[in-house]
Amino acid sequence: MIRAHTVEQVRAAEADLLARLPEGTLMQRAAHGLAHAVVDLLGSGAYGRRVLLLVGSGDNGGDALYAGALLARRGAQVEAWLLSDTAHERGVAALRAAGGRVRHREVTRSGDGRRAASSTCGYDVVVDGIVGIGGRPGLRPAAAAVLDALAGIPVVAVDLPSGVDADTGELEGPHVTADLTVTFGTHKPCHLADPAAAACGAIHLVDIGLDLPEALLEALQPSDVAALLPRPVPDAHKYTRGVVGVRAGSATYPGAALLSVSGAACGLAGMVRYDGDDPVLDLVRAAHPEVVGPGRVQAWVVGSGSAAGAESALRASLADAVPLVVDADALAFADLVAGRPAVLTPHAGELGQMLGEEREVIESAPLRFARRAAEQYDAVVLLKGRRSVIARPDGRARVTLSGTPWLATAGAGDVLGGLVGALLAAGLDPFDAASVGSWLHGAAGTLAAQRGPIVASDVAVALPALLGSL
Ligand SMILES: NC(=O)C1=CN([C@@H]2O[C@H](COP(=O)(O)OP(=O)(O)OC[C@H]3O[C@@H](n4cnc5c(N)ncnc54)[C@H](O)[C@@H]3O)[C@@H](O)[C@H]2O)[C@@H](O)CC1
Ligand SMILES: [K+]
């Protein structure tokens, strides 16, 4: 499991450790990890390579300076630009002692920063030590101009890309866009949640020995998914493995029925039932001969392509008192499910309608709005996007790290709904069902897209091979 802790949690853990360790130990650990990561990124060692450090006033700049000193001792040509009036003094001294060059703000602020940059181009890597967890979101104009002038050079962010909001993953104004982010002690929410996560590049975690409390945000890894997957016990029969019912699709949108059923029929539940118009049931049976008609189920999947029938389908499903997946058209009636075990699966546009916000507003703060919706609707919310967010009413959340942009294809959400329904029927709680289903969906899409562009049904087809690999 990847766990992300807030700045407050990190500060508390650091304070505890700082009190017990010789001064500077944590920063040395951070700097060593950072220097190693920069060498790895450079590929052919540090010797003779040109490294530019952008240094702010705090300890984030201190990390960069000490790492720069280590790189200089390995033969790199290291130059630090101090972008604030003050900088970590011992870090500056260490860099100078190792043969690095230090230029002051007055130099780097000449003109709009462009002159300084153009006179010193040819860097192999830029190390962003402007601000870390102590920074306010956004960048000062001078820092933003320097970054503009350095565009095109690989950037390694120290702890986090300067300018992003560490705790929310939101962006307010200019920020660094990194190729690699080297973070310390634990991930922060900005490393997992979009839009900031998209500015982090690859993420490398350096262990500095922090003893951390429970995290409110996490991301499943393949081993976590494998551990949570339902597996048939030796004496299983189809009913003990769970029956998932699908109330999706209509005469107008039969494809939604077929795709929802294809996700539900992933093999993780013992049986799939379809409840809908007879002509649609005939189509479903032709494609999935194992699917049977209505009856008792352990979970319902409701809403996709149900058109005008969404409300009655949702009410009928609620009468069974089993867990539900509520998707698409049924999301308009999501307040009916409050307090019931349920997973709501909106995309940003649908969540916007549920919360009275524009789609762009939701996309600018997916973690915040997924949490708000989970609390307001008293249900698990799976907000679909590049980095899907799964939130519980108590604020705990997970982010899905699997996936590919090729999954942005019609009907992919129907497959996801069916898959989450199968996991609910098999006995996973709504939070696990939503986060495992979302991870499997992303990974199946990635697997399918290795052969070329995909459509939604390819995602369902890839599921057995993916599940086998787990
Ligand atoms: N505290 C510790 O034990 C450790 C801290 N470490 C490093 O220390 C960092 C935190 O250091 P600090 O608490 O000194 O804080 P930062 O270095 O993140 O920045 C705080 C400073 O930046 C200024 N600032 C705030 N927002 C700004 C903005 N938008 N633009 C420009 N300047 C801005 C503030 O005036 C303040 O002086 C971590 O991110 C990490 O890199 C690591 O060395 C590991 C150990
Ligand atoms: K930084």
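Residues numbered from 1 in each chain as written. Chains lettered and ligands numbered in written order. Predicted model: local features only at pLDDT ≥ 70, side-chain atom pairs only at ≥ 80, totals over all residues.

Defined as follows: UniProt positions are given in the numbering used here, feature names are shortened, and annotations may be inferred rather than shown by experiment.
For the chain, the name recorded in an unreviewed UniProt entry is Bifunctional NAD(P)H-hydrate repair enzyme, with Nocardioides vastitatis as its organism. Quoted verbatim from the Subunit (unreviewed entry) heading of the UniProt record, the comment on the chain is "Homotetramer."

1. Re the sheet that holds strand β16 (residues 389-391)
What holds strands together in a sheet is hydrogen bonding between their backbones, with the strands either parallel or antiparallel. Our working rule: When DSSP locates at least two bridges between a pair of strands, those strands are taken to pair. The helix count covers DSSP runs of H or I at least four residues long, the strand count covers runs of E at least two residues long, and both are numbered beginning at the N terminus. For helices, the fitted line uses only the C-alpha atoms of the stretch in contact; every axis is such a line through C-alpha atoms, and the angle between N-to-C directions lies from 0 to 180 degrees. A residue pair is marked as a contact if its C-beta atoms, positioned from the backbone, fall within 7 Å.
The strand order β1-β9-β17-β16-β15-β14-β13-β12-β10-β11 describes an open sheet built from 10 strands, whose pairing is mixed. The sheet is open, and its two edges are formed by β1 (2-4) and β11 (271-274), each paired on a single side. On average, each strand axis in the sheet is tilted by 20° relative to the strand beside it, whichever way the strands run. As judged from the two bridges shared by strand β14 (residues 342-344) and strand β15 (residues 380-383), these two strands associate in the parallel manner. Directly across from Leu-344, in β15, lies its bridge partner Val-381. Helix-sheet contacts for helix α17 (residues 430-449) involve β14, β15, β16 and β17 (397-399), and the interaxial angle to β15 is about 15°.

2. Some points on unusual backbone geometry
Put simply, the rule is: Three exposure classes are used, all based on how many other C-beta atoms lie within 10 Å of a residue's own C-beta (placed from the backbone): buried at 20 or more, exposed at 12 or fewer, and partly exposed between those limits.
Geometrically, the link from Asp-194 to Pro-195 is a cis peptide bond, its omega value of 0° lying close to zero. Looking at where Pro-195 falls in the secondary structure, it is placed in the loop between α8 (189-192) and β8 (202-206). The phi dihedral of Asp-159 is positive, around 70°, even though this residue is not glycine. Its location among the elements puts Asp-159 in the loop between β6 (155-158) and β7 (180-184). Judged by the 29 C-beta atoms lying within 10 Å of it, Asp-159 is buried. The residue Ala-328 is not glycine, and still its phi comes out positive at about 45°. Here Ala-328 lies in the loop between β13 (324-326) and β14. Residue classification places Ala-328 among the buried residues on the basis of 24 C-beta atoms within 10 Å.

3. Concerning the site of ligand 1
To keep it simple, the criterion reads: As a rule, any residue with its backbone-derived C-beta atom within 6 Å of a molecule or strand is reported as near that molecule or strand. Here the nonpolar group is Ala, Val, Leu, Ile, Met, Phe, Trp, Tyr, Cys and Pro; Asp, Glu, Lys and Arg are the charged ones; every other residue, Gly included, is treated as polar.
Neighbouring ligand 1 are 26 residues; Gly-58, Asp-59, Asn-60, Gly-132 and Gly-134 lie closest to it. Contributing elements (two or more residues each) for the shell around ligand 1: α1 (7-18), α2 (25-42) and α3 (59-73). Class assignment of the residues belonging to the shell around ligand 1 gives a composition of 11 nonpolar, nine polar and six charged.

4. Details of the nonpolar core
Using the following cut-off: As used throughout, a nonpolar core is a set of buried Ala, Val, Leu, Ile, Met, Phe, Trp, Tyr and Cys residues joined through C-beta atoms within 7 Å of each other. Source of the domain bounds: an automatic or database domain assignment.
Judged by nonpolar contacts, the single largest core of 167 residues is most densely connected at Val-38, Leu-53, Val-127, Val-244, Ala-264, Val-326 and Val-381. The greatest single-element share of this core, amounting to 10 residues, is contributed by α17. Each of domain 1 (2-219) and domain 2 (222-469) contributes no fewer than three residues to this core. Ignoring any residue separated from it by four or fewer positions in sequence, one finds Val-38 in contact with Val-51, Ala-67, Leu-71, Val-125, Val-127 and Val-156.

5. Section: the sheet that holds β6
Taking strand neighbours across the sheet as the criterion, the seven strands line up as β4-β3-β2-β5-β6-β7-β8 in an open arrangement whose pairing is parallel. Each of the sheet's edge strands pairs with one partner strand only, and the pair in question is β4 (101-103) and β8. Each neighbouring strand pair of the sheet contributes to a mean axis angle of 20°, computed without reference to strand direction. Sheet topology note: the β7/β8 ladder contains five bridges and is parallel. Note on β8: the bridge partner recorded for Thr-183 is Leu-205. On top of the sheet, α3 reaches β2 (50-55), β3 (77-82), β5 (125-129) and β6; it is set at about 160° to β2, its chief contact.

6. A few points about the UniProt feature "binding site: AMP" (unreviewed entry) in the chain
Residues annotated by UniProt as "binding site: AMP" (unreviewed entry) correspond here to Lys-384, Gly-385, Arg-386, Arg-387, Ser-388 and Gly-413. Judged by maximum C-alpha separation, these annotated positions cover 30 residues in sequence but sit close together in space, the widest gap being only 14.1 Å. One can find Arg-386 in the loop between β15 and β16. The class for Arg-386 is partly exposed, based on 17 C-beta atoms found within 10 Å. Considering the arrangement of structural elements, one finds Arg-387 in the loop between β15 and β16. With 23 C-beta atoms counted inside 10 Å, the residue Arg-387 sits in the buried group. Dropping the residues within four chain positions of it, Arg-387 is found in contact with Ala-193, Asp-194, Ala-197, Val-399 and Thr-400.

7. A few points about the domain arrangement of the chain
Bring the parts together and some accessible area is lost; that lost area is often taken as the interface size. Under the domain assignment used here, the chain contains domain 1 (2-219) and domain 2 (222-469). Each of domain 1 and domain 2 was reduced to a C-alpha centroid, and the two centroids are 40 Å apart. Put simply, the parts of the chain that give the side of domain 1 that touches domain 2 at least two residues each are α8 and β9 (217-219). Examining the composition of the side of domain 1 that touches domain 2, we find that three residues originate from one element, β9, more than from any other.

8. Regarding the pairing of β7
Counting buried residues in β7 gives four out of five residues, a clear majority hidden from the surface. Looking at chain direction, β6 and β7 are connected through three bridges and run parallel. Note on β7: the bridge partner recorded for Val-156 is Leu-180.

9. Comments concerning the environment of Ala-391
Along the polypeptide, Ala-391 turns up in strand β16. The exposure class assigned to Ala-391 is buried, which follows from the 29 C-beta atoms found within 10 Å. Put simply, Ala-391 and Val-244 are 147 residues apart on the chain and 23 Å apart in space, counted from C-alpha to C-alpha. If we skip the residues at most four places from it in the chain, Ala-391 touches Ala-370, Arg-371, Ala-374, Val-381 and Ala-397.

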